[in-house]
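# Structure assessment
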Amino acid sequence: MVTVAVAAPRAATPGEIAQSHEWSVAFGLLMSPVVHLRAAVALLGRFPALAGVDLDVDAGEIVLLRGPNGAGKTTLLRLCAGLIPPARGHVEVLGVDLSVDRKAIRPLIGLMGHTTGLYDDLTVMENVQFWARAAGVDAADATAALDRVELAERVRSLTVERLSAGQRRRASLAAMLVRRPRLWLLDEPHAGLDAQARDLVDGLIGEAARVGATVIFASHELDRAEAVASRRVTIDGGTVVQDSSSPTGAPDRAP
Amino acid sequence: MLRDARIVAGKDLRLEARSRVAVNQVLPFVLAVVLLFGFALDADTALLRRATSGLFWVTVLFSAVIIVQRSFAIERHDGINDALRLSGLSAGGIFLGKAASLFCQLVIIELVLGLCVIVFYDVTPSGAGLLIVTTLAATLGIAAAGSLYGPLAAGLRNRDTLLPLLLLPVLAPVLLAASRAFETALGRGVGGGWQWAAMLGIFAVVYLTLGVAVWGPLLEET
């Protein structure tokens with residue numbers, strides 16, 4: 001009798017999902033937008049922070065979200081990250097309908113908000129390694145991510161609580177980069193950074209778009225942000241009021 | 001899921017080793033409680049010996065509340081909750097990892113507490129098998145229930161005061177069963193110690209299963 005050993009099937013790690021997804025992103029998203037919102041409504045409690053947003057973002061685009069405080073920029077980023085559910089309308093990110101499954105896209109999203117998402121009592125390196133392992137990425141990639149944000153060697157062995165605000169932002173960015181996200185969602189990425197670090201962030205955003213990732217970021221530093229962005233979308237009162245991709249500058253309402 | 005649990009448990013134990021909250025705050029608290037019980041009962045060693053089982057587990061529950069509170073407070077800090085949701089870690093894996101970390105910390109506290117009880121209450125340990133099984137099963141149950149109620153309380157407005165109110169009533173069966181099993185092991189109970197230990201095992205399995213099942217929605221809502 002011949003016995004054939006068959007490897008037991010195992011669940012794919014988030015890293016493997018991300019890598020396999022790269023193919024579908026590379027081919028599928030050439031045909032469909034990375035972010036596809038139609039009449040999207042999102043509630044904060046009972047308040048409609050987004051009140052019917054229409055927006056399509058294609059792979060490789062760098063979209064700047066402009067608008068006054070409370071316009072709905074952060075809510076839009078969190079909606080696209082799958083952190084808050086769409087109350088109404090159609091929200092599709094990386095080909096996934098978020099009203100059906102918000103969790104599927106999360107490993108493919110890099111979100112840097114007003115917070116850092118870092119543990120104060122762990123060192124910078126330990127933090128980045130933890131988020132790498134969590135995403136199924138080799139922890140050794142943490143060094144490369146920290147190199148990209150140009151965080152000095154001596155800083156990497158410090159606990160996060162001992163870092164300056166700017167160093168924390170860099171470490172947070174490294175924790176995002178190590179997960180190799182396909183869609184970058186950045187909320188005020190220049191806040192708290194010195195001029196050198198701001199240039200670095202701009203460089204990373206440009207580099208991400210060049211390799212096919214998509215970047216959507218909100219910023220109040222319009223001079224700098226507009227120089228980086230390939231497209232500008234203005235939000236006010238929870239709706240898109242201006243879109244530079246539209247020939248008239250008015251929001252694109254195409255079906 | 002087990003891979004995720006290992007990653008989370010490793011991170012939590014590293015955080016504890018770095019912050020030393022259990023060593024610098026919970027262990028002195030345990031020592032203080034043991035001494036205060038001694039003062040309250042007028043250093044009557046005969047009475048203390050009789051009450052040892054209950055006093056031991058009441059102290060463990062109080063310590064568990066502090067550790068659970070700390071364990072989930074760090075996950076609420078500076079956007080970590082959102083980062084965890086985006087991380088790709090399974091909710092069940094995070095729950096099991098948190099429970100494993102709590103279990104390890106509680107076992108260390110129980111070892112120190114046991115030594116304190118032997119020294120201060122003049123207790124002679126006996127029935128080692130039942131003591132060990134009871135301790136492991138009860139601690140697993142406390143860790144599982146704590147990991148289930150920790151994020152629930154952490155998401156509420158008055159979280160600091162609500163956790164004991166939520167958690168202690170849930171852990172009342174653990175207090176009862178573990179105290180009875182300890183009394184039997186120490187030769188002061190009416191028997192049935194292994195049945196109480198089995199009940200603790202069932203409690204632990206129920207809360208571990210419940211935690212794996214409901215931690216996903218809990219992580220989303222808190």
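Residues numbered from 1 in each chain as written. Chains lettered and ligands numbered in written order. Predicted model: local features only at pLDDT ≥ 70, side-chain atom pairs only at ≥ 80, totals over all residues.

## Regarding the overall build of chain A
Regarding its fold elements, chain A presents eight helices and ten strands. A burial count over chain A gives 49% of its 255 residues as buried. For chain A, contacts bridging at least 24 residues in sequence account for 70% of all contacts bridging at least 6. (Helix = DSSP H or I, 4+ residues; strand = E, 2+ residues; numbered from the N terminus. Buried ≥ 20, exposed ≤ 12 C-beta atoms within 10 Å, placed from the backbone. Contact = placed C-beta atoms within 7 Å.)

## Observations concerning unusual backbone geometry
Residue and element names in this part refer to chain A. Phi at Leu94 is positive, roughly 50°, even though this residue is not glycine. Residue position: Leu94 is located in the loop between β4 (88-93) and β5 (96-97). A positive phi angle, near 50°, is found at Arg180, a position not held by glycine. Here Arg180 is to be found in the loop between α6 (165-177) and β7 (183-187). When the 20 C-beta atoms within 10 Å are taken as the criterion, Arg180 is described as buried.

## Considering the confidence of the model for chain B
Residue and element names in this part refer to chain B. When the pLDDT values of chain B are averaged, the result is 88; 95% of them are 70 or greater. Averaged over each element, pLDDT in chain B is lowest for helix α7 (residues 159-170) (82) and highest for helix α5 (residues 91-120) (93). This prediction of the complex comes with two scores: 0.84 for pTM and 0.83 for ipTM. (pLDDT = per-residue confidence, 0-100.)

## Remarks on the interface of chain B and chain A
Facing the 18 residues of chain B at the interface are 24 residues of chain A. For the side of chain B that touches chain A, a count of residues per class yields seven nonpolar, five polar and six charged. (Nonpolar A, V, L, I, M, F, W, Y, C, P; charged D, E, K, R; others polar.)

## Side note on the sheet that holds strand β3 (residues 62-66) of chain A
Residues and elements named next belong to chain A. The mixed open sheet is built from six strands, whose spatial order is β6-β7-β8-β3-β9-β10. Strand pairing shows two members of the sheet lacking a second neighbour, β6 (109-112) and β10 (239-243), which therefore form its edges. Geometrically, the sheet is characterised by an average inter-axis angle of 20° between neighbouring strands, direction not taken into account. The strands touched by helix α2 (residues 73-80) within the sheet are β3, β6, β7, β8 (214-218) and β9 (231-236), with β8 carrying the most contacts at an inclination of about 150°. (Pairing = 2+ DSSP bridges. Axes fitted to C-alpha atoms, helices over the stretch in contact; angles between N-to-C directions.)

## Focus: the environment of Ile84 of chain A
Residues and elements named next belong to chain A. Of note, Ile84 is situated in the loop between α2 and β4. Counting along the chain gives 14 residues from Ile84 to Leu98, while the straight-line C-alpha distance between them is 9.5 Å. Residue contacts for Ile84: discarding those within four places in its chain leaves Ala42, Thr75, Arg78 and Leu79.

## Re the environment of Ala174 of chain A
When you line up the elements, Ala174 of chain A lands in helix α6. Beyond its immediate stretch of four places on either side in the chain, Ala174 of chain A contacts Val128, Ala145, Leu146, Arg148, Val149 and Leu151 of chain A.

## Remarks on the nonpolar core
Counting 148 residues, the largest nonpolar core has Val128, Ala174, Val178, Leu185 and Val215 of chain A together with Leu200 of chain B as the members making the most contacts within it. Leaving out residues up to four positions away in the same chain, Val178 of chain A has contacts with Val128, Trp131, Ala132, Val137, Asp141, Ala142 and Ala145 of chain A. (Core = buried A, V, L, I, M, F, W, Y, C linked by C-beta atoms within 7 Å.)

## Description of α5 of chain B
Compared with the 44 Å implied by 1.5 Å per residue over 30 residues, the 43 Å span of α5 of chain B between its first and last C-alpha is a close match. Following α5 of chain B by one or two positions, Asp122 of chain B adopts a phi angle in the positive range, close to 55°. (Expected span 1.5 Å × (residues − 1).)

## With respect to the pairing of β8 of chain A
All names here are of chain A. Summarising burial for β8: five of the five residues are buried, a large majority. Here β8 shows two buried faces, one formed by Thr214, Ile216 and Ala218 and the other by Val215 and Phe217. As judged from the four bridges shared by β3 and β8, these two strands associate in the parallel manner. When the sheet's bridge partners are listed, Val63 is paired in β8 with Ile216. As paired elements, β7 and β8 share five bridges and run parallel to each other.

## Overview of the packing of helix α1 (residues 2-19) of chain B against α5 of chain B
All names here are of chain B. Relative to each other, α1 and α5 sit at 40°, their axes nearing to 7 Å. Between α1 and α5, the angle is such that the two are oblique. Both α1 and α5 take part in a crossing whose hand is right-handed. Contacts between α1 and α5 involve Asp4, Ala5, Arg6, Ile7, Val8, Ala9, Asp12, Leu13 and Glu16 from the first element and Gly93, Ile94, Leu96, Gly97, Lys98, Ala100, Ser101, Cys104 and Gln105 from the second. Across the contact of α1 with α5, the residue classes tally to nine nonpolar, four polar and five charged. (Parallel < 35°, antiparallel > 145°, perpendicular 65-115°, else oblique. Left-handed = near helix turned anticlockwise from the far one by under 90°.)

## Description of α6 of chain A
All names here are of chain A. For α6, which comprises 13 residues, the first-to-last C-alpha distance of 18 Å matches the rise-based estimate of 18 Å (1.5 Å per residue) to within 8%. With eleven of its 13 residues buried, α6 lies for the most part within the structure. Every buried residue belonging to α6 is among Gln167, Arg168, Arg169, Arg170, Ala171, Ser172, Leu173, Ala174, Ala175, Met176 and Leu177, and all of these are buried. Elements that come into contact with the buried residues of α6 comprise β6, α3 (124-134), α4 (141-148), α5 (153-156) and α7 (195-210).

## Observations concerning the packing of α3 of chain A against α6 of chain A
Describing two packed helices takes the angle between their axes plus the distance from one axis to the other. Residue and element names in this part refer to chain A. Interhelical geometry of α3 versus α6 gives an angle of 25° and a closest axis separation of 8 Å. Relative to α6, α3 is oriented roughly parallel. The handedness of the crossing between α3 and α6 is right-handed. Here Val124, Asn127, Val128 and Trp131 of α3 come into contact with α6, specifically with Ala171, Ala174 and Ala175. For the contact of α3 with α6, a count of residues per class yields six nonpolar, one polar and no charged.

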